[in-house]
Amino acid sequence: MRRLFSTILLLAAVLCASAQDSTQTLRFGYLSYEAALRSMPDYATVQMRMANLRDQYQAEAKRVEDEFNHKYEEFLDGQRDFPQTILQKRQSELQELMARNIAFKEESRRLLQQAEDDELALLKNRLAEVLAQIGGERGYALIINTDGNACPYINPQQGEDINQLVQDALQ
C-alpha cells in the first residue's frame, strides 16, 4: 500500500510539473521488476545457492529433531523407574533441548533471509544501473514497476513497455 501511495504521489508531482510546461510531453517506461530480476543470468545461480543453504539448515534441524525424539522416547520408557531427581533432570534436559531447537529454527530462518537479501542485493544493484541507463538514454521522467497490480492501466501512447529492453541489457 505504501509503495502504491508513493508511486501515485510521484506521478502526481511529475504530472503537475509537466502541466506547467505543456510543450514537453511526459515519457515513461514500465516493466515487471520481478520478471527482469528473474531474467538475469546470475539469478538461477543465486537460487541454487539458496536452495543448497536451505537444505543444509533443514538437514541440521532434522538431525536435532531426531535427537530430541530419541531422548524423549528414552525418557518415556524409563520415567516409571527413575527416581524423582533423575526424572526432573531428564525433564529439564528435554526442555532445554526443545528451547535450543526452537531458537535454532528461528535463527536459521533469519540467517536464510539475510543470506537471500545479501545475494539479491548485487543483482538488484545491477538492475538499478540498467534501469538508470535506459531511463537516461530514452529520456524517461520515470520508470514504473507494474508488479503487484500497482498500475492497473497504463496508456501505451505515453508509456513504453521496456521489459524486453531491460532483459536484453541484462544478458
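The rules behind these values
- Residues numbered from 1 in each chain as written.
- Predicted model: local features only at pLDDT ≥ 70, side-chain atom pairs only at ≥ 80, totals over all residues.
- Heavy atoms only, no water.
- Phe/Tyr/Trp six-rings, centres within 6.5 Å; stacked < 30°, edge-to-face > 60°.
- Helix = DSSP H or I, 4+ residues; strand = E, 2+ residues; numbered from the N terminus.
- Buried < 20%, exposed > 50% of the residue type's maximum accessible area, 1.4 Å probe, protein only.
- Pairing = 2+ DSSP bridges.
- Axes fitted to C-alpha atoms, helices over the stretch in contact; angles between N-to-C directions.
- Parallel < 35°, antiparallel > 145°, perpendicular 65-115°, else oblique.
- Nonpolar A, V, L, I, M, F, W, Y, C, P; charged D, E, K, R; others polar.
- Salt bridge = Lys/Arg side-chain N within 4 Å of Asp/Glu carboxyl O.
- Polar contact = N/O pair within 3.5 Å; in protein donor to acceptor, adjacent residues only side chain to side chain.
- Expected span 1.5 Å × (residues − 1).
- Bend = angle between axes of the 7 residues up to and from the residue.
- Contact = heavy atoms within 4.5 Å.

**Student:** How would you summarise the packing of aromatic side chains if you had to cite specific residues and measurements?
**Tutor:** Summed over the entire model, instances satisfying the criterion amount to 2 aromatic pairs. Here the aromatic rings of Tyr57 and Phe104 are separated by 6.1 Å at their centres, their planes lie at 45°, and the arrangement is tilted. One end of the pair, Tyr57, is in helix α3 (residues 41-78); the other, Phe104, is in helix α4 (residues 84-138), and 47 residues separate them in sequence. Ring geometry for Phe68 against Tyr72: centres 6.2 Å apart, planes inclined by 10°, an arrangement best described as stacked. Of this pair, Phe68 and Tyr72 both sit in helix α3, separated by 4 residues, roughly a single helical turn. Taking relative accessible area as the criterion, Phe68 reaches 15% and is therefore assigned buried.

**Student:** Could you give me a rundown of the pairing of strand β2 (residues 142-145), with the residues and numbers involved?
**Tutor:** Look at any regular strand and the pattern is simple: side chains alternate between the two faces of the sheet. Along β2, the buried face is formed by Leu142 and Ile144; none of Ile143 and Asn145, which line the opposite face, is buried. Relative to β2, strand β1 (residues 28-31) runs parallel, the two sharing 4 bridges. Note on β2: the bridge partner recorded for Gly29 is Ile143.

**Student:** Now, about the sheet that holds β1: what can you tell me, with residues and values included?
**Tutor:** The strand order across the open sheet formed by 3 strands is β2-β1-β3, and the pairing between neighbours is parallel. Strands with a single pairing partner mark the edges of an open sheet, and in this sheet they are β2 and β3 (159-161). Taking the axes of each pair of neighbouring strands and ignoring which way they run, one obtains an average angle of 30° across the sheet.

**Student:** Hey, could you go over the packing of α3 against α4 for me, with residue numbers and the actual values?
**Tutor:** For the pair α3 and α4, the least separation of the axes is 10 Å and the interaxial angle reads 180°. Taken as axis vectors, α3 and α4 run roughly antiparallel relative to one another. Class assignment of the residues belonging to the contact of α3 with α4 gives a composition of 20 nonpolar, 4 polar and 11 charged.

**Student:** Before we move on, could you go through the pattern of salt bridges and cite the residues and values that matter?
**Tutor:** Opposite charge on two side chains permits them to pair, given that their charged atoms come into close proximity. Taken as a whole, this structure holds 11 salt bridges when the rule is applied. Salt-bridge contacts for Arg63 lead to Glu60; the nearest nitrogen and oxygen are separated by 2.8 Å. One end of the pair, Arg63, and the other, Glu60, are both in helix α3, 3 residues apart, so they sit about a helical turn from each other. We classify Arg63 as partly exposed; its relative accessible area is 44%.

**Student:** Which residues make up the environment of Asn155, and what are the values?
**Tutor:** For Asn155, the position within the fold is in the loop between β2 and β3. For Asn155, a relative accessible area of 23% gives the class partly exposed. Within polar-contact distance, the side chain of Asn155 engages the backbone nitrogen of Gln157 at 2.9 Å.

**Student:** Quick rundown of the side chain of Ser108? Include the residues and the values.
**Tutor:** As for its position among the elements, Ser108 is in helix α4. Taking the relative accessible area as the measure of exposure, Ser108 reaches 9% and is therefore buried. A distance of 2.9 Å separates the side chain of Ser108 from the backbone oxygen of Lys105, its partner in a polar contact.

**Student:** So what about α4? Which residues, and what values?
**Tutor:** Its 55 residues give α4 an end-to-end C-alpha distance of 79 Å, which sits within 8% of 81 Å, the value for a rise of 1.5 Å per residue. In the structure, α4 departs most strongly from a straight axis at Ala121, where the bend amounts to approximately 30°. Phi turns positive, to about 75°, at Gly139, one or two residues after α4.

**Student:** Give me the lowdown on the side chain of Ser32, citing residues and values where you can.
**Tutor:** Structurally, Ser32 is set in the loop between β1 and α2 (33-38). Of note is the side chain of Ser32, whose polar atom sits 3.2 Å from the backbone nitrogen of Ala35. Setting aside residues up to four positions removed in sequence, Ser32 forms contacts with Asn145, Thr146, Asp147 and Asn163.

So far we have only geometry, and geometry alone does not tell us how the molecule works.
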